[in-house]
Amino acid sequence: MDYIVNKIKNTHKKRVTLNDIATLSGLSTTTVSMILNGRGEEFKIKPETCQRVKNIAETAGYRANVYAKSLKMQRSNVIGLVIPDLTNYGFAYTAKMLEKQCRENGLQLVIACSDDNPQQEKLAIERLLDRQIDFLITAPTHQDPYYYQQIAQQTPILQLDRYVPNLDLPYIISNDQNKIAKLIQYLIQKYQLKEFFYFGGQLALSPSESRLQGFLTGLTQAHVTPKNEWILHRTYQPESGYQMLADLQQRLGRLPNAIFTASYTLLEGVLRYLTEHQQMEKLFNRQLHLATFDDHALLNALPFHIHSIKQDHQTIAKHTFEMVQKMLQGEKTHNLKIDCEIIYRD
């Protein structure tokens with residue numbers, strides 16, 4: 001048998017098939033299929049025959065064709081997740097928690113990255129759809145409702161962290177606006193700030209609009225009149241945080257008094273700029289105040305204070321999985337906003 005197995009493995013460039021196992025065992029493909037699908041006892045096939053077929057399959061390196069199986073069962077038990085940045089702590093933590101829940105419930109989570117690029121997101125989604133996924137979770141990168149509506153006709157979709165206006169598809173996001181406003185008001189009043197700059201990502205994205213509105217509301221509640229030059233936007237990549245601060249210091253001829261970054265990734269860029277330009281002492285003596293959306297445990301270990309808005313990623317992941325289960329069962333779901341927490345570091 002070993003000789004025949006090796007011959008098949010050496011002459012096949014593609015994977016070993018069910019027909020190969022049937023040839024090796026001298027049985028029909030139907031009988032072999034029953035055995036390898038765990039139905040040998042049901043069809044009264046001798047235990048020694050079942051074991052012999054399983055041994056042959058293992059030795060030959062046979063793996064079932066999951067695509068053919070999913071077509072037959074009309075379920076692949078695979079969930080697709082498209083996030084903007086695999087290094088973004090918030091998305092990474094949510095994905096980790098979600099993957100664990102899927103795994104524990106017999107589902108596989110396949111994660112792809114869009115790099116916050118609409119064309120890359122579309123490519124990632126198309127490749128996931130080619131895998132016959134049962135469900136798609138995505139953080140939308142563009143505002144084209146028609147594209148997502150077309151997909152939703154065949155595969156259910158859940159929007160994560162972001163949502164597209166005029167798109168009647170469920171979403172789960174953080175309820176961030178009021179907490180941002182409260183933090184900004186607190187910082188202005190506590191430190192008597194006369195200027196406060198905002199570093200944001202793509203303004204067309206729904207979180208950008210919400211976080212900016214929270215920032216502006218905080219200024220108003222602190223009786224500070226917003227100035228257009230305080231509001232800066234690029235992308236949510238660390239390089240954007242770095243470049244916005246570089247451009248701002250060149251324009252002002254100094255560092256600003258305070259900055260709120262609309263994501264932890266933008267904060268990374270700001271801190272890298274301060275480090276490279278030997279400006280970190282401004283944080284120690286509080287000539288520069290920093291606050292950010294999203295949180296990381298590392299902020300607790302720093303020798304200076306960076307206040308933050310902490311998302312509840314565990315709850316987000318929990319409710320995301322619950323919504324996936326309901327939608328797979330054909331149940332209607334409601335949009336969810338998960339509350340954030342202000343982390344004061346005084």
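Keep in mind that this is a model prediction, so the values were computed, not measured.

About the cut-offs
Residues numbered from 1 in each chain as written. Predicted model: local features only at pLDDT ≥ 70, side-chain atom pairs only at ≥ 80, totals over all residues. Heavy atoms only, no water. Helix = DSSP H or I, 4+ residues; strand = E, 2+ residues; numbered from the N terminus. Rg over C-alpha atoms; globule rule 2.2 N^0.38 Å. Contact = heavy atoms within 4.5 Å. Areas by Shrake-Rupley, 256 points an atom, 1.4 Å probe, with all protein chains shown as cover. Lys, Arg positive; Asp, Glu negative; His and termini not counted. Charge placed at Lys NZ, Arg CZ, Asp CG, Glu CD. Buried < 20%, exposed > 50% of the residue type's maximum accessible area, 1.4 Å probe, protein only. Salt bridge = Lys/Arg side-chain N within 4 Å of Asp/Glu carboxyl O. Expected span 1.5 Å × (residues − 1). Arc of directions from axis to C-beta.

Remarks on the overall build of the protein chain
Tallying secondary structure elements over the protein chain gives 14 helices and twelve strands in all. Computed over C-alpha atoms, the radius of gyration of the protein chain comes to 27 Å, more than 25% over the 20 Å expected from 2.2 N^0.38 for 346 residues, which places it beyond the range of a compact globule. Each principal axis of the C-alpha atoms in the protein chain carries an extent, and together these give about 85 × 45 × 35 Å. Counting contacts in the protein chain only where the partners sit at least 6 residues apart, residues at least 24 apart contribute 64% of the total. For the protein chain, the computed accessible surface area is about 18300 Å², with 48% contributed by carbon and sulfur atoms. A gap of 4 Å separates the mean positions of the 39 positive and 35 negative side-chain charges of the protein chain.

A look at unusual backbone geometry
The phi angle at Q278 is positive, at roughly 50°, despite the residue not being glycine. Inspection of the secondary structure puts Q278 in the loop between α12 (264-276) and α13 (281-284). Positioned with a positive phi, R286 is a non-glycine residue whose angle comes to about 65°. Within the secondary structure layout, R286 lies in the loop between α13 and β9 (289-293). Accessibility expressed as a relative area gives 36% for R286, which makes it partly exposed.

So, the pattern of salt bridges
Taken as a whole and judged by the stated rule, the model has eleven salt bridges. When the shortest N-O distance is used, the salt bridge between R103 and E99 registers 2.8 Å. Note that R103 and E99 are positioned in helix α6 (residues 89-104) at a spacing of four residues, about one turn of the helix. The exposure class of E99 is partly exposed, given its relative accessible area of 26%. Through salt bridges that share partners, D116, D161, R162, D176 and R211 make up one connected network.

Looking at helix α4 (residues 47-60)
In this model α4 runs 20 Å from its N-terminal to its C-terminal C-alpha over 14 residues, within 8% of the 20 Å that 1.5 Å per residue would give. By the burial criterion, the buried members of α4 are T49, C50, V53, I56, A57 and A60. Buried positions in α4, seen along its axis, are confined to an arc of 130° and lie on one side of it. Residues of α4 that are exposed and point over 90 degrees away from its buried face: P47, E48 and E58. Of the residues flanking the end of α4, it is G61, one or two places downstream, whose phi is positive at about 75°.

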